[in-house]
Amino acid sequence: MSSFSYSEFDLFQPTEEHSLLRKTVRDFSEAEIEPQAAKYDREEQFNGELFRKLGGLGLLGITVPEEFGGAGMDPLAVVIAHEEISTSDPGFCLAYLAHALLCVNNLCVNGSESQKREFLPKLCSGEHIGAMGMSEPDAGTDVLGMKTRAREEDDGFVVNGRKMWITNGCVDDGNTPCDCLLFYARTDKESDEKAQLSSFLVSKGTPGFSVGQKIRDKLGMRASNTAEMCFDDCRIPLENLVGKPGESLLHMMRNLEIERVGLAAMSLGIARRSLSVMMKYAEERKAFGRKLKEFGQIQEHIATSFAEYKAARTYVYDTARRMKLDREGTRLDSDGVKLFATPIGKKIADRAIQVLGGYGYVGEYVVERLWRDSKLLEIGGGTLEAHQKNITKDLYRDGAALR
Ligand SMILES: Cc1cc2nc3c(=O)[nH]c(=O)nc-3n(C[C@H](O)[C@H](O)[C@H](O)COP(=O)(O)OP(=O)(O)OC[C@H]3O[C@@H](n4cnc5c(N)ncnc54)[C@H](O)[C@@H]3O)c2cc1C
């Protein structure tokens, strides 16, 4: 018999490093992220100065090996960081996710040694801000329907097209783009029947690469910038091609798994915060001479929220524990956790508003912001319908999945 005791295993922080990371991020969130959250949401601003401080904590390159300036941590650490930041500010956390997972982790897993040496240290320190461009004005879920095209010419590519909804696409209210955008474009010929997608890196200042517009008036996630990006005869040198031509679907598949787990973890942060707000209020507020927490209908809001949060949390952390960053293999569950956990954050934020009555409806009590932010998690990184489609397909393909 092994001497291992199951009771010693803590799924949510299996090692000392994970516990320390949770404490570090929680302390930072409470001290620095929480106090600015309402202001940046209201003003639809991205807090670049605070963002760069995440580099000092090792969070901006959380999955990147130390030799490239990162913290060399695993997917479970990614979940911890996203859960903790989101308890205070999901909008700020979305900007973090776009940088650390969509751009930095993607480049780290799929880029060449020289690309990693050139781009990663500044992205990990916070000197540079990164983003990822997949979606377009006319193609989101239907990724093969993208129209941005990279035409091979001399010793590079000439890119034309538009990317839409790019988190961190711009870093201010004007036209300043992110420092580094990892993007996908078609490299097939227009006469080809099958789409071929390839991945590229483009830096700020490259002629023909610009911000089309900052998208304003979003429902939530207003503390992150969302932009349209334009490519007009933009020349990309061969050394900025990531991997081989036609490899993008593989890059996407690998990276979407960690992205979806990160987005699900953000929902956990929203759920936990909303539950604690509703519990505190139900303890303090009286109606008909009794505390709210004594009413059965309020207990249902609290108890159901707790059980749903714990179920989602267990599924998210268990999936992260089994995930490998450098290969695909947990798509069924990364779609599963996002499908299951993201509506739970929204539902619990909604219940919190209900328990607080009129007070829940205004910004001071935080849950109205969390409720607005939560909706994006059902859309970005794959819609709920896309997860349902993928899960069903994978279940029929893999007969062993239910064993
Ligand atoms: C705030 C914000 C930030 C974002 N950040 C980024 C980013 O950094 N980088 C990036 O590349 N993208 C980003 N996105 C884009 C996001 O990933 C897409 O919005 C999402 O993938 C959905 O694509 P779409 O908006 O084109 O909707 P569509 O794909 O057009 O879908 C519209 C509706 O049709 C449904 N639908 C589509 N196909 C099917 C089908 N086969 N079966 C059933 N239903 C279907 C969808 O589920 C949805 O309900 C962001 C979006 C937002 C709003």
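Residues numbered from 1 in each chain as written. Predicted model: local features only at pLDDT ≥ 70, side-chain atom pairs only at ≥ 80, totals over all residues.

Undergrad: Explain the overall build of the chain to me, please; I cannot follow it from the model alone.
TA: Helix and strand content of the chain: ten helices and ten strands. For the chain, whose C-alpha radius of gyration is 21 Å, the value lies close to the compact-globule estimate of 22 Å for 403 residues. Along the three orthogonal principal directions, the C-alpha set of the chain runs to about 80 × 60 × 40 Å. Counting contacts in the chain only where the partners sit at least 6 residues apart, residues at least 24 apart contribute 75% of the total. (Helix = DSSP H or I, 4+ residues; strand = E, 2+ residues; numbered from the N terminus. Rg over C-alpha atoms; globule rule 2.2 N^0.38 Å. Contact = placed C-beta atoms within 7 Å.)

Undergrad: It is not clear to me how the nonpolar core should be interpreted in this structure. Could you clarify?
TA: Among soluble globular proteins, nonpolar side chains are generally buried collectively. Core analysis: the biggest nonpolar cluster contains 110 residues, and Cys103, Val104, Phe200, Val261 and Val316 have the highest contact counts within it. With 15 residues, helix 4 (residues 90-110) is the single largest residue contributor to this core. With residues near it in sequence (within four places) discarded, Cys103 still touches Ala98, Leu123, Gly130, Ala131, Met132, Cys180 and Leu182. (Core = buried A, V, L, I, M, F, W, Y, C linked by C-beta atoms within 7 Å. Buried ≥ 20, exposed ≤ 12 C-beta atoms within 10 Å, placed from the backbone.)

Undergrad: Is there a simple way to explain the site of the ligand in this structure?
TA: Within the structure, the ligand sits among 25 residues, and Met134, Gly140, Thr141, Thr383 and Glu385 are positioned closest to it. Of all the secondary structure elements, the ones that give two or more residues to the shell around the ligand are helix 4, strand 1 (130-133), strand 3 (156-167) and helix 10 (384-397). Per-class residue counts for the shell around the ligand are eleven nonpolar, ten polar and four charged. Residue-level mapping places the shell around the ligand at the junction of two domains, with at least three residues from each of domain 2 (131-242) and domain 3 (249-398). (Near = placed C-beta within 6 Å. Nonpolar A, V, L, I, M, F, W, Y, C, P; charged D, E, K, R; others polar. Domains from an automatic or database assignment.)

Undergrad: Whenever I open this one, the packing of helix 8 (residues 331-356) against helix 9 (residues 367-374) confuses me. Can you help?
TA: The relative placement of two packed helices is expressed as an angle between their axes plus a distance between the axes. Here helix 8 crosses helix 9 at 155 degrees, and the two axes come no closer than 9 Å. One finds that helix 8 runs roughly antiparallel with respect to helix 9. The way helix 8 lies across helix 9 gives a crossing that is left-handed. On helix 9, the residues that touch Gly345, Lys346, Ala349, Asp350, Ala352, Ile353 and Leu356 of helix 8 are Val367, Glu368, Leu370, Trp371 and Ser374. Taken together, the residues that form the contact of helix 8 with helix 9 break down as seven nonpolar, two polar and three charged. (Axes fitted to C-alpha atoms, helices over the stretch in contact; angles between N-to-C directions. Parallel < 35°, antiparallel > 145°, perpendicular 65-115°, else oblique. Left-handed = near helix turned anticlockwise from the far one by under 90°.)

Undergrad: Please explain the packing of helix 4 against helix 5 (residues 113-125) as it appears in this structure.
TA: Where helix 4 contacts helix 5, the axes come no closer than 10 Å and their chain directions differ by 150 degrees. Viewed along their axes, helix 4 and helix 5 adopt a mutual orientation that is roughly antiparallel. Remark: the crossing between helix 4 and helix 5 carries left-handed chirality. Across the interface between the two elements, Cys103, Val104, Leu107 and Cys108 from helix 4 touch Gln115, Lys116, Phe119, Leu120, Leu123 and Cys124 from helix 5. When grouped by side-chain class, the residues that make up the contact of helix 4 with helix 5 number eight nonpolar, one polar and one charged.

Undergrad: Hey, could you run me through the domain arrangement of the chain in this one?
TA: One widely used convention gives an interface's size as the accessible area the parts lose upon coming together. In terms of domain boundaries, the chain breaks down into domain 1 (9-129), domain 2 (131-242) and domain 3 (249-398). Each side of the interface is counted separately: domain 1 has 25 residues, and domain 3 has 28 residues. Listing elements by their share of the side of domain 1 that touches domain 3, those giving two or more residues are helix 1 (16-42), helix 3 (75-88) and helix 4. Grouping the amino acids of the side of domain 1 that touches domain 3 by side-chain chemistry returns 14 nonpolar, eight polar and three charged.

Undergrad: Quick question: what am I supposed to make of the pairing of strand 7 (residues 226-237) here?
TA: Along a regular strand, successive side chains alternate from one face of the sheet to the other. Looking at chain direction, strand 3 and strand 7 are connected through nine bridges and run antiparallel. By the bridge assignment for strand 7, Arg162 is matched with Cys230. (Pairing = 2+ DSSP bridges.)

Undergrad: Mind showing me how you'd approach the environment of Arg331 here?
TA: Of note, Arg331 is situated in helix 8. Linking Arg331 and Arg254, residues 77 residues apart in sequence, is a C-alpha distance of 8.6 Å. Once residues within four sequence positions are removed from consideration, Arg331 is found in contact with Met253, Glu257, Asn390 and Asp394.

Undergrad: Explanation requested: the environment of His387 in the structure shown.
TA: For His387, the location among the structural elements is in helix 10. Considered as a pair, His387 and Arg331 are 56 residues apart in the sequence and their alpha carbons are 9.6 Å apart. For His387, the contacting residues outside a window of four places in its chain are Asp335, Lys338, Leu339 and Gly382.

Undergrad: Sorry if this is basic, but what is going on with helix 9 here?
TA: Along an α-helix, a turn takes 3.6 residues, which lines up residues three or four apart on a common side. Helix 9 sits mainly inside the fold: six of its eight residues count as buried. Within helix 9, burial applies to Val367, Arg369, Leu370, Trp371, Asp373 and Ser374. Looking at the packing, one finds that the buried side of helix 9 touches helix 1, helix 4, helix 6 (248-284) and helix 8.

Undergrad: Just checking my understanding: could you explain unusual backbone geometry for this structure?
TA: Glycine aside, the phi torsion of most residues is negative, and most peptide linkages are trans. Positive phi, normally seen in glycine, also occurs at Asp217, with a value near 65 degrees. Positionally, Asp217 belongs in the loop between strand 6 (209-214) and strand 7. In the Ramachandran plot, Phe288 falls in the positive-phi region, its phi being about 50 degrees despite a non-glycine side chain. Residue position: Phe288 is located in the loop between strand 9 (286-287) and strand 10 (290-291).

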